[in-house]
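# Breakdown of the fold
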Amino acid sequence: MKLTLTHQAPELLETEALVAIVFDTGDDTATGEPADPGFDRLDSLAGGLLAELRRSGELTGKALDTVLLHRPAGLAARRLLLVGGGKREKWDLAQLRNAAGTALRFLKGKGVHEFVFLPPDGLPAETLVTATAWGLIAADFEPDSYKTDKNNDHRIDRAQIAVGSAESALESALERAVVVTEAQNLARALSNEPANRMTPRELVQRAQQVAYGCGLDFEALDSERMRGLGMGALLGVAQGSAEPPALIVMHYRPAGIPSSNAHLGLVGKAVTFDTGGISIKPADGMEKMKYDMAGGAAMIAVMQALAHLKPSIAVTAVVPTVENMPGSRAQRPGDIQTTMSGKTVEVLNTDAEGRLILADAITYARRQGCTHLVDAATLTGAIVVALGHTNVGVFTNQQAFQDRLLASARDCGEKMWPMPLDDEYKEQLQSNIADLPNIGSRWGGAITAAMFLKEFADPTPWVHLDIAGTAWLEEAKPYMPKGPSGVAVRTLVDLAMKM
Ligand code: BES
Ligand code: ZN
Ligand code: ZN
């Protein structure tokens with residue numbers, strides 16, 4: 001899909017479909033106040049057609065409701081699609097993004113190939129362009145890569161966003177939004193691949209393609225190198241699989257920045273399939289564990305975006321990638337592994353493998369000189385119990401750094417929620433034989449997992465994102481197909497740009 005801006009007046013736009021937002025004004029229309037000036041303007045162009053629809057009750061403006069009209073009077077467009085914006089006072093960038101995405105998916109389903117989106121005023125022009133572009137490009141993603149009977153006629157070739165004036169700031173806002181959302185879609189495409197195709201080796205190849213395509217330094221450490229570095233926890237998880245593990249390392253280095261400056265480390269869990277290992281998972285739903293590499297996919301995607309956007313901070317992505325399998329060579333419950341940090345771990349449950357590979361990856365990132373760390377991982381089922389599929393669970397050892405990340409999340413319309421990490425939780429991590437067990441008690445499982453990671457991150461300022469509940473959309477939305485979400489990509493790009 002080609003996405004551009006247009007400055008033409010809405011009534012003159014010759015397009016297959018013009019999309020406009022209509023707010024839910026409820027009873028306020030009775031007061032005679034102009035509750036929705038954009039509506040009134042369009043309505044008078046169309047000779048009162050919209051007001052009539054509103055009176056008939058067919059046009060409510062309720063969030064994401066759609067009404068399609070053909071050959072609207074007074075407009076050059078062939079169709080007019082009205083998308084509900086909900087209550088005006090709740091209107092924000094996330095609502096706009098979702099409305100734009102809803103329009104795209106609705107029109108795609110109707111066989112329309114081209115349209116113009118007319119964002120309502122009420123938000124700053126740059127925000128309008130950014131949020132609309134996010135919504136359109138993310139909505140255009142289809143997770144059906146292996147369907148052989150795809151309906152090729154259901155395809156959007158071109159979309160335009162109608163903005164009042166031709167400002168270069170708006171053009172560059174659009175360019176940035178395209179880069180970020182294409183990165184989000186890359187993370188989704190990687191997470192969507194089945195585990196027989198997306199092996200650790202394949203992920204290395206894909207990350208390398210990204211790095212060479214946009215001029216990032218790239219390295220992939222193999223088992224030998226990792227053994228040399230003492231990464232016993234990562235290798236312990238990998239040893240049950242015939243697929244060799246790797247540690248993917250990507251560097252972005254801005255020109256002319258002193259090496260004493262901040263250096264952001266992005267660590268992403270990439271278990272290409274998590275059977276649980278010897279502590280094997282139940283069969284029901286196990287197929288979903290192909291997305292246990294969504295954290296790593298997100299970090300590779302963030303690096304792609306940063307290579308284009310060029311922040312003035314050094315960024316290193318460290319992505320440990322393994323397959324967690326049972327087998328005669330697999331690690332057993334009770335095995336002891338020595339991590340790169342020197343700490344020993346008693347592996348009480350081989351299904352708590354994410355924290356093991358992250359422990360070594362975090363240590364590696366710190367030794368690379370990272371001054372700030374963010375990790376993203378589909379780490380625990382417990383975070384899904386705590387926060388459902390709506391919010392990412394956020395943990396930290398430094399409030400100020402977490403606050404910056406949460407501000408970025410808010411600006412990007414990604415829902416994230418802070419979780420506690422009090423010292424008391426550490427009491428659950430006692431082993432009789434080693435420094436740490438890899439699991440705590442039954443309670444607060446997302447927190448004890450984060451507590452385990454903190455042991456390796458301290459004292460470097462660190463934020464942990466548990467994306468187990470949010471990396472996969474369980475139900476299709478009008479603006480997103482069900483499947484991988486690419487969560488955290490937008491927030492982390494924004495954070496790096498602001499650092
Ligand atoms: N990959 C899983 C976590 C997960 C669960 C991701 C649901 C996505 C959806 C992780 O490796 C895991 O198995 N965690 C265990 C930890 C337990 C053994 C302490 C869990 O959450 O059950
Ligand atoms: Zn697991
Ligand atoms: Zn896992």
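Here, the structure is the one placed above.
Below is a short write-up of the structure.

Calculation criteria
Residues numbered from 1 in each chain as written. Chains lettered and ligands numbered in written order. Predicted model: local features only at pLDDT ≥ 70, side-chain atom pairs only at ≥ 80, totals over all residues. Heavy atoms only, no water. Helix = DSSP H or I, 4+ residues; strand = E, 2+ residues; numbered from the N terminus. Rg over C-alpha atoms; globule rule 2.2 N^0.38 Å. Buried < 20%, exposed > 50% of the residue type's maximum accessible area, 1.4 Å probe, protein only. Contact = heavy atoms within 4.5 Å. Areas by Shrake-Rupley, 256 points an atom, 1.4 Å probe, with all protein chains shown as cover. Donors = N, O, S within 2.8 Å, 3.2 Å for Na, K, Ca; no water. Tetrahedral: all angles 85-135°; square planar, octahedral: opposite > 155°, others 65-115°. Expected span 1.5 Å × (residues − 1). Phe/Tyr/Trp six-rings, centres within 6.5 Å; stacked < 30°, edge-to-face > 60°. Pairing = 2+ DSSP bridges. Axes fitted to C-alpha atoms, helices over the stretch in contact; angles between N-to-C directions. Salt bridge = Lys/Arg side-chain N within 4 Å of Asp/Glu carboxyl O.

Within the chain one finds 14 helices and 20 strands. Its C-alpha atoms give the chain a radius of gyration of 24 Å, near enough to 23 Å, the size a compact globule of 499 residues would have. Principal axes of the C-alpha set define a box for the chain whose edges measure 80 × 50 × 45 Å. Per-residue burial for the chain yields a buried fraction of 58% across its 499 residues. Long-range pairs, those at least 24 residues apart, make up 78% of the contacts in the chain between residues at least 6 apart in sequence. Of the roughly 20300 Å² of accessible surface on the chain, a fraction of 49% belongs to carbon and sulfur atoms.

All of the protein donors around the zinc ion (ligand 3) are K269 (NZ), D274 (OD), D292 (OD) and E353 (OE); their distances to the metal are 2.0 to 2.4 Å. Around the zinc ion (ligand 3), the six donor atoms sit at angles spanning 77 to 171 degrees, and that spread fits a shape best called octahedral. Mapped onto the polypeptide sequence, the residues donating to the zinc ion (ligand 3) form the spacing pattern K-x4-D-x17-D-x60-E. Here the zinc ion (ligand 3) and the zinc ion (ligand 2) are spaced 3.2 Å apart, with D274 acting as a shared donor. Of this pair, K269 sits in the loop between β9 (263-268) and β10 (270-274) while D292 sits in the loop between β10 and α9 (294-309); the two residues are 23 residues apart in sequence, bridging distant segments of the chain. Judged by its relative accessible area of 1%, K269 falls in the buried class.

Our focus in this paragraph is helix α10 (residues 354-367). Taking 1.5 Å as the rise per residue, α10 with 14 residues should run 20 Å; its terminal C-alpha atoms sit 20 Å apart, in good agreement. Most of α10 sits out of view: twelve of its 14 residues are buried. Backbone geometry just after α10 places G369 at a positive phi near 95 degrees.

Describing an aromatic ring pair means giving the distance of the ring centres and the angle of the ring planes. Under the criterion given, the structure shown has four aromatic pairs. Plain terms: the ring middles of F23 and W91 are 5.0 Å apart, the flat faces sit at 90 degrees to each other, and that makes the pair edge-to-face. Within this pair, whereas F23 is found in strand β2 (residues 18-23), its partner W91 is found in the loop between β4 (79-86) and α3 (93-109), the two being separated by 68 residues in sequence. Just as F23 is buried, W91 falls in that class too.

All right, on to the sheet that holds β4 then. Strand order in the open sheet formed by six strands is β1-β6-β5-β2-β4-β3, and the pairing between neighbours is mixed. Two strands close off the open sheet at either side, each with one partner strand: β1 (2-6) and β3 (66-70). Pairs of neighbouring strands in the sheet enclose a mean axial angle of 25 degrees, with direction left out of account. The sheet contact formed by strand β5 (residues 114-118) and strand β6 (residues 158-162) spans four bridges and is parallel. What sits directly across from F117, in β6, is I161.

What the rule picks out here adds up to 23 salt bridges. With its nearest N and O atoms 3.8 Å apart, the salt bridge here joins K87 to D24. One end of the pair, K87, is in the loop between β4 and α3; the other, D24, is in the loop between β2 and α1 (37-45), with 63 residues separating them in the sequence. Here R176 ties to E126 by a salt bridge, and the two come within 3.5 Å at their closest N and O atoms.

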